[in-house]
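Here is how the chains run, residue by residue.
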Amino acid sequence: MFGAHPMFRIGGGQGYQIANSLRFRASNSAYIRRTIGASSTSTTVSTWSFWIKRGAFAAARQVIVYNGNTAGTGNTIQLEFTSGSAILAYFNGAGTTGFTTNAVFRDPSAWYHVVLAYDSTQATDSNRAKLYVNGTQITSFSSVTYPALNQAFNAGSGDYQQMMGFGATLNTDGYMANVYFIDGQALTPSSFGQTDATTGVWGPKAYSGTYGTNGFFLEFKDATSTTTIGYDTSGNSNNFTTSGISVTSGVTFDQMTDTPTNNYAVWSPIDKGTVTVSEANMAAVPAADVHAIRATVGLPATGKWYWEIAVSALGYGTGLGIADNASNTTTGPSSAATRTYQFGSWFNSFNGGVVQYGTSQAVTGGTNWTSASQPVANDIIMVAVDMDNGSMWVGKNGTWFNSSGTANPATNTDPRWTGLTGTTWFPYMAGYTTTAVTSRANFGQRAFSYTPPNGFKALNTANLSVPSIKNPSTLMSVATYTGNGSTQSISSLAFQPDLVWIKSRSAATTTNIFDSQRGVQKGIQSTGPNAEYTDANTLTAFNSTGFSLGSDASSRGVNVNTATYVAWTWKESVGAGLDIVLYTGNGGGARNIAHGLGVAPKWMFVRGLDARVWAGWHTDLTSAAYYLDLGTVAAEFVDTTMFDSTSPDASNFRVGSYNNVNAVNYVAYLWSEVAGFSRFGSYVGNAGADGPFVWCGFSPRWIIIKDRTAANLGWRIYDTVRETFNEMGGGLETASAAAENYATSVRAIDVLSNGFKIRVSASGLNGSGTSYVFAAFAEVPFKYARAR
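No experiment lies behind these values; they were computed from the predicted model shown. (Residues numbered from 1 in each chain as written. Predicted model: local features only at pLDDT ≥ 70, side-chain atom pairs only at ≥ 80, totals over all residues. Heavy atoms only, no water.)

(A) Spotlight on the environment of Ile 293. Looking at the element boundaries, Ile 293 is found in strand E22 (residues 291-295). Under the relative-accessibility criterion, Ile 293 is labelled buried at 0%. Sequence-wise, Ile 293 and Ser 268 are 25 residues apart; in three dimensions their C-alpha atoms are separated by 6.8 Å. Those residues within four positions of Ile 293 in sequence are excluded, and the remaining contacts are Trp 267, Ser 268, Asp 271, Lys 272, Val 275, Val 277, Ala 284, Pro 427, Tyr 428 and Met 429. (Helix = DSSP H or I, 4+ residues; strand = E, 2+ residues; numbered from the N terminus. Buried < 20%, exposed > 50% of the residue type's maximum accessible area, 1.4 Å probe, protein only. Contact = heavy atoms within 4.5 Å.)

(B) View of the side chain of Lys 503. Among the secondary structure elements, Lys 503 is positioned in strand E34 (residues 499-504). Buried and without a salt bridge, Lys 503 has Glu 740 as its closest oppositely charged side chain, separated by 8.3 Å. Separated by 3.1 Å, the side chain of Lys 503 and the backbone oxygen of Ala 737 make a polar contact. (Lys, Arg positive; Asp, Glu negative; His and termini not counted. Salt bridge = Lys/Arg side-chain N within 4 Å of Asp/Glu carboxyl O. Polar contact = N/O pair within 3.5 Å; in protein donor to acceptor, adjacent residues only side chain to side chain.)

(C) Just the sheet that holds strand E44 (residues 614-618), in detail. One open sheet accounts for six strands, arranged E41-E48-E43-E44-E45-E46; its pairing is antiparallel. Edge strands, defined here as strands with exactly one partner in the open sheet, are strand E41 (578-584) and strand E46 (637-638). Bridge count for E44 against strand E45 (residues 626-629) is two bridges, and the pairing is antiparallel. Across the sheet, residue Gly 616 finds its bridge partner in E45, namely Leu 628. (Pairing = 2+ DSSP bridges.)

(D) Representation of the layout of surface pockets within the structure. As a volume, the second largest pocket reaches approximately 820 Å³. In terms of lining, the second largest pocket is formed by 30 residues, of which the most central are Asn 134, Thr 136, Thr 724, Glu 779 and Arg 788. Mapped onto the lining of the second largest pocket, the elements with two or more residues apiece are strand E7 (98-104), strand E10 (136-137), strand E51 (698-707) and strand E56 (771-781). The residue makeup of the lining of the second largest pocket, split by class, is twelve nonpolar, 14 polar and four charged. (1 Å grid on protein atoms, 1.4 Å probe; cavity = no way out; pocket = protein on both sides within 12 Å on 5 of 7 lines; lining within 4 Å. Points joined across faces, edges and corners; volume = space filled by probe spheres on them. Nonpolar A, V, L, I, M, F, W, Y, C, P; charged D, E, K, R; others polar.)

(E) Representation of the nonpolar core. In this structure, Ile 32, Phe 50, Leu 79, Met 164, Met 176 and Val 179 are the most contacted members of the largest nonpolar core, which totals 44 residues. Broken down by element, the residue count for this core peaks at four residues, all from strand E8 (residues 112-119). If we skip the residues at most four places from it in the chain, Met 176 touches Ser 21, Leu 22, Phe 24, Phe 50, Trp 51, Ile 52, Ile 64, Val 65, Trp 111, Met 164 and Phe 220. In this structure, Ala 284, Ile 293, Val 383 and Phe 443 belong to the second largest nonpolar core, which totals 37 residues. (Core = buried A, V, L, I, M, F, W, Y, C linked by side-chain atoms within 4.5 Å.)

(F) Inspection of the environment of Val 437 at higher detail. Tracing the sequence through the fold places Val 437 in the loop between strand E30 (425-431) and strand E31 (439-442). Looking at Val 437, the relative accessible area reads 1%, which means it is buried. Expressed as a C-alpha distance, the spacing of Val 437 and Ala 377, which sit 60 residues apart in the sequence, is 9.5 Å.

(G) Geometry of the pairing of strand E9 (residues 129-133). A large share of E9 lies buried, amounting to four of its five residues. Two strands pair when backbone bridges link them, and E8 and E9 are joined in this way by five bridges, in the antiparallel orientation. From the neighbouring strand, Leu 116 faces E9, where its bridge partner is Leu 131. Between E9 and E10, which pair antiparallel one after the other, the connecting turn spans two residues, and Asn 134 there sits at a positive phi close to 55°.

So yeah, pure geometry; function would need other evidence.
Right, here's the structure in full:
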């Protein structure tokens, strides 16, 4: 058996490591429990702290931790996920005292840190129970009733128990790690975690305090038996018994190396068609023809990657392989004619051999499966993808399929597929079958059945390369402020910005755009066409940690007294992928304009500083003959006078006659894609509340979206500073002066550790079959990200 890869500290150093987690399979009714006979240090003061990675979501509630009597009728402490994925805490058996968060927690791709501090001796009721997620206190609740003064939680009574992962039929599905219970102290998250100085990300640290009589620390580090896996390592020997937990090697093994300091890929319950996920997202079963599911981690552009799939059988057309983020999960690989993705690689029983769809590349010859050699229950399918060479191999039970008998991923010999470059690929499973086939993935979080080829790695965050920008807030950030009608400086940034977009949140004023190349006091409004203006009362300085504002006596709207504002800011640099270019038109028709990015931009706007439209180009428009106007809600236009039907390259962008009028001054904003920091792409809507998932490779801070095919909403902007929890609303439009709207009816997006998920059926963001383009900038690269 081949073990998983070593741990790493979330900040990239050699600090505190979490080696193991315990998987709770709701399908196996998994839980752990201890019954307490001894009196507690306190019946009114305690702290729970734990890390959790969500598995399959459920229509019912999922109990996470429980303190109380066996009947569940007395005063208790209980935390659970509701059916809508809010966190519910309640403090008596009737469930009438407690709170439910407005935030929802449905990110299955990374880890949450949860702390519940209980102290019913506090005179102020809101101090009696405090909930923290990822180091931040949650204070927004849909309903809240705090515990009564001195309300106990049955500690020390004859049938008092502590449990995790169980609540009759309300089992949690997922993983838990570093579970603490502190008896007699109400602590803050700083006792268990800290913010990494380099990345700005919340991470675990060793607890150094006392535990109290019934306190414990569960590390799940001894998998010798189902008894030892629940041992308390605090020194108190408050050990837990287990039920539905397995330490037998193979697909049921529940001790994992998927932890908050090394996050592994799993099947994604939010990036799928009609596919049932279970076993903490390691098992997937298509429930209908041509439905598919992707994994939560995309393959990096470089490196060599290996994983295994244990199959229960291989039905007609069942496929295992890779696909890109754009490939459709509901029409699948049934034929080349129905594909909606760039490329799909598959091996299956279709016609008794290895087949693929989505490319003209043929797969012929070799040791394909025949009717006599089809995978059967518990066979292990091996997948190896070499992104350095763009090659892929598949095999079964230790033998690679090949055409010459010499297939060897370690030497890039005889791959079954080649040319796998130019996009982000994901482990993928699809079913073209009416037979329920379970595919149990292993990306290395438990021991592999076969040794990976030399140089091939497990798909986890430890093995992802260190991003060039570890802390994106040093190059792109969002600031909020309140106008004072006088002068003020905004100094909350970690850099001196070169591009500042300001929009009133509370009043109907248009976006005002300033940049360091044109200089202070010179603004452009996003609605248009409007000429550049000079106003000494607008942005008056670009400072080392922000910018300064004048009194703004005009109606431009950047510092009106008592109005609230948001400023979206960028640093101009090659490393950040932003170049601001000024040029003057020469009237000579189409021409090339040099830029300094060194790679081809993927998103840009060109604006004449007289009264001209915003000519926007995006890598995923229909072609380079099209453009999108930042200042209108209109769909993409065909107009060859904008960019001369030519996409930009690594040295130049090309403009047509409209963007080269003699003596007119122009400004161009160009962005190239930087892995882990920025992403420019597209998605296709499905008109459902369970909308498309969009992979970014990071947790976004700022997202802008535009329907390119119809005149729906204009470019619509979301950010995680104005709205700090999911579902996220508050969109502001570049083509509209309207203030932000946080109404429940327009909540639209979940921002996640690896991208974003559309959660509204509105046509402006998710029309059926409608194509949308987007740009996104990171808050945290996925390598370091926490679940949101």
